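Given next are the chains, with one letter for each unit.
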Amino acid sequence: MTSVMTFIYPELILVTGALLVLMTGAFGLKRRTIGLIAFLTVLAAALALPGTADVHQIIFSRMLINDVLGLSMRYFILLALGLAVLMAIATSWPDDSDAGEYYFFLLIAAVSMTLAVTAGNLMVIYLTVETLSIVSYLLACFYCKDLFSTEAGLKYFLFGALSTGLMLYGISLAYGIFHSLDLSVIGGVLAAGNVNSLLLITAAVLIFAGLAFKASLVPFHMWVADVYEGAPWPVAAFFSIGPKALGFALMVRIFLSYPAFMHSGWGAVAVFLAIATMTAGNLAAFHQSSVKRVLAFSSVAQAGYIFAGMATGSLGLKAAFFYIVIYAFMNMGAFASAAFLSTGRSTLESFQGLSRRSPSGALIFSIFLLSLAGLPPLAGFLAKFFVVWTALETRHFVLAGAVMANSVIAFFYYLKIIKAMYFDQPSTTEPLSAINIPLTGKLLLVICLLMVIYLGIHPQPVMNILLSVFK
Amino acid sequence: MPSILTLIIFLPLVGALAIAFIPSGREKAIRLTAFAFNAAVLALAGIIVGRFDRSVPGIQFLEHHLWIPQAGIHYTVGIDGISLGLVFLTALLGVIAGLASNGIKTRVKEYFLFYQILMTGMLGTFLALDLVVFYIFWETVLIPMFFLIGIWGGPRREYAAWKFFFYTLAGSVVMLLAILAIFIFIKPHTFNMIALKQLAPQLTGNIQNILFLMFFFAFAIKIPVFPFHTWLPDAHVEAPTPVSVLLAGVLLKMGTYGLLRVCVPYFPLAMQTFAWSLGFLGVINLIYGACAAFAQTDFKKMIAYSSVSHMGFVLLGVAAMNSAGLNGSLLEMFNHGIITGAMFLLVGVIYDRAHTRELSAFGGLSTSMPRYAFFLTFMALASLGLPGLSGFVGEFLSIVGVFSTLPALAVFSAIGLIAVVALFLIVIKKVLWGRAKEGVIWPDMTGIEIAAVLPLVVITLAVGFYPEVILKFQKTAIDILVNFI
């Protein structure tokens, strides 16, 4: 039995570390040192996480739940944050004076997320998600002198405020229905039946909207490209993984744990949303001239594939979360290599002929892109494979067909980037210098690359964990 | 210790890793390394042929490991009479096309990296006996081919590379759905291609028909069957010579191999239902390919379309669904790989000198390039199916097979046969005979060029005179296959 305090040690460590980097920023430390402190904080927090979870343990009068889903998601979020911090250290931004706040925001975002995935109460979920949102707005517009970044922050704020508002309204309706915000009480009432179905549907849809915004599902995906484009690369990379996984985890926590929460027609809607999300993402990615925007829309499409796994019901959860884990590595890798290899607005032209300026960088970037596209034997293939499999097994033939058709479309724009790097001549005639990737960047790329290749050949470790999470 | 088959599949990949560590400036070392690895693969293929026991029906050198237990995926590889010839063909053309890659002067390191990965994909496709592993190797071929055409190809290389990639990809995603559907429909669930032979009768009626069509779609694009053939002329014409050799020699066979490995044993009823359509498509391929080849002025495009025509024979043999037809079609696969591989090499020889492939630019080469004239005439005769050379045997068997089951189609196929004969005679006439163009004096074939073609000439002659050298290896496997029908 973990004691209550040991349970939240990781969060305490993160908060302490966050305050530490905020203070050290004021004392004129170098940005790399501050980054290192942030990284060590994440590492310490991960080490402080308990090895196993006790089910049904009461923490803070059921405000938090100690279960396997929460625990593995906390590991996952710290992993994503750790990679993002490595990436932040390797990129040349922000300068020394801003670095403290930058890492402070990143760490606070992580705290709110690790608390959100363990929440057992809708109020806690709302508070943590709102904290995450506020920090995210600030991170998105962190390049405050840049017009795009300001636009990103503002857009994110407008969409975000609307969706958390909707979610809050849904939660208040839920309180009206159940007279409690405790998820287990809600589950009890639902099991007993006798709930006004119209009110329930309204509450469920509103809460779902808030989560769908985080997961960037259609029609709540419009903010993604603009926000990612304006945000600093490491922040965009983190947004594309952490909050997305959080959205999906909370959907499991609320709706799939208590299926009665959702109307029986939900299955068809979910399938439709999954297909719409992947198609919208892929079609939009087609015509982008900026690699960052391509990656942004690709992350929307990827959310569609993940949600396709969830739409097939509890059987598909393993496939969906397997996809999320793989996605974390390949997407982080793709964002990181694009960040290190590109300059300025990261137009497609700036990638032309890159294979000659940075042969290994271009190769690694290509591998991440091909994994995102789902080319065997890379891990991204297995991820898609399992999603299609469960879709077929649960007789969702249209969904399976849609995933496959979409992965053909997606090859177009991933290959377009690869084509620019390998087939095209550099757009400028002046000799271009070779590109040097800093050591931490190399470390990050190697970690992601090894995982993308290793998990494609040997997925058992991840699968075993998922088997224990979704029995 | 990995088995010999695992070794032969992954040796080229090890070669790719080795090449990755050689500095890109040291081109000679890169070429030598690639050659060494491909020669080793050929040696291994020779050992396999030598140790292959013809009396044993079924799979030999079987290797079977659990790979992903949660999904029931095994790493299963093995070889039988159907794949033996194709593996040897791949290994042989791998060496020969590697020699012909001397003409590649730019970005040599990247070229051989992709080349070696391509080799692994092709060998793996023929040796895999688990549907998922088969699919993975099938897909592995795509990306290196995309680069090989797109970087080192002719003027319209990018278009050709994209077209090749998306045609094949569209086919293979449909195949993946079919693979998963087979797994889900069949109990006990398995991807094992050997076990599926026994279990496949569970698939009945429309399910069998639909799954057959899904697989056939993927294979038809690769073969290519009319009307899915349009990627082929573009890809062949734009690809550099060695890549064309592999494309025609090996990649097309992946599709026809799939027909024999998957469609015939798993969907015999559907095969019977669609046998006439299949044969009809074969005849269309035969006639259309030959007619389209006629209309070409580009030497290479002409050979490319003649490939479409030859694939018609393979399709016809499969449609016959009897021993003679299947034997003929499998033999024709091997022969076509040898003959057309050689034809593309010879086109490459003349292109390297003339820097054009327009047939009108040639003429009278037999006086200035006697050695070239000999090889081209020899291969053209083999290609048109002259008795005594290998092309004849496969085509003859296919037609004999089809005559007993679908006689009407056999008659039509004869028309195609005449067209092919005319086609290659015209090639000889235009290139070798007639008056030499003024100021056109090119050096004859060099030693290395002859070394690349000579083994193919020997094989063509040997198989033509004594087809048993190949047939005896494939006989038992085909007998088993016929039993399924």
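Preceding this paragraph is the structure being described.
Given the structure is predicted, the values throughout are model-derived calculations rather than measurements. (Residues numbered from 1 in each chain as written. Chains lettered and ligands numbered in written order. Predicted model: local features only at pLDDT ≥ 70, side-chain atom pairs only at ≥ 80, totals over all residues. Heavy atoms only, no water.)

Participant: How should the packing of aromatic side chains be read in this particular structure?
Facilitator: What characterises a pair of aromatic rings is the spacing of the ring centres plus the angle enclosed by the ring planes. Residues and elements named next belong to chain B. Across all of its chains, the model carries 74 aromatic pairs over all chains by this definition. The interplanar angle of 45° and the centroid separation of 5.8 Å between the aromatic rings of Phe 134 and Trp 138 together place this pair among those described as tilted. Taken together, the residues Phe 134 and Trp 138, both in helix H5 (residues 131-140) and four residues apart, mark about one turn of the helix. Plain terms: the ring middles of Phe 164 and Trp 231 are 5.4 Å apart, the flat faces sit at 65° to each other, and that makes the pair edge-to-face. Of this pair, Phe 164 sits in helix H7 (residues 157-185) while Trp 231 sits in helix H10 (residues 231-238), placing them 67 residues apart in sequence. The same class applies to Phe 164 as to Trp 231, namely buried. (Phe/Tyr/Trp six-rings, centres within 6.5 Å; stacked < 30°, edge-to-face > 60°. Helix = DSSP H or I, 4+ residues; strand = E, 2+ residues; numbered from the N terminus. Buried < 20%, exposed > 50% of the residue type's maximum accessible area, 1.4 Å probe, protein only.)

Participant: Explanation requested: the pairing of strand E2 (residues 73-79) of chain B in the structure shown.
Facilitator: Remember that side chains alternate between the two faces of the sheet whenever the strand is regular. Residues and elements named next belong to chain B. Of all seven residues in E2, six are buried, a share of seventy percent or more. Judged from the six bridges that link them, strand E1 (residues 60-68) and E2 form a sheet pairing that is antiparallel. Bridge pairing in E2 links His 64 to Thr 76. Hairpin connection, E1 to E2: the antiparallel pair is bridged by four residues, and Gly 72 has positive phi, about 65°. (Pairing = 2+ DSSP bridges.)

Participant: In this structure, what is going on with the interface of chain B and chain A? I would like to understand it.
Facilitator: How big an interface is tends to be stated in terms of accessible area lost as the parts join. Contact with chain B, which involves 33 residues of that partner, is made by 36 residues of chain A. Per-residue buried area on chain B facing chain A is highest for Gln70(B), Trp162(B) and Ile184(B); these three make up 17% of the total on that side. Along the contact surface separating chain B from chain A lie one salt bridge. Between Glu158(B) and Lys419(A) there is a salt bridge, with its nearest N and O atoms 3.3 Å apart. Inspection of the region where chain B meets chain A yields six residue pairs in polar contact (both at pLDDT 80 or more). Secondary-structure elements contributing two or more residues to the side of chain B that touches chain A are E1, H5, helix H6 (142-152) and H7 of chain B. Of all the elements, H7(B) adds the most residues to the side of chain B that touches chain A, at 14 residues. (Contact = heavy atoms within 4.5 Å. Buried area = accessible area lost by both parts, 1.4 Å probe. Salt bridge = Lys/Arg side-chain N within 4 Å of Asp/Glu carboxyl O. Polar contact = N/O pair within 3.5 Å; in protein donor to acceptor, adjacent residues only side chain to side chain.)

Participant: Hey, could you run me through helix H13 (residues 299-320) of chain B in this one?
Facilitator: Note: α-helices contain 3.6 residues per turn, so residues at a spacing of three or four share the same orientation. Residues and elements named next belong to chain B. Look at H13: 32 Å from first C-alpha to last across 22 residues, which is about the 32 Å you get at 1.5 Å a residue. The buried count for H13 comes to 21 of 22 residues, which makes it a mostly enclosed element. One side-chain oxygen of the residue at the start of H13 lies 2.8 Å from the amide nitrogen of Lys 300, identifying that residue as Asp 298. (Expected span 1.5 Å × (residues − 1).)

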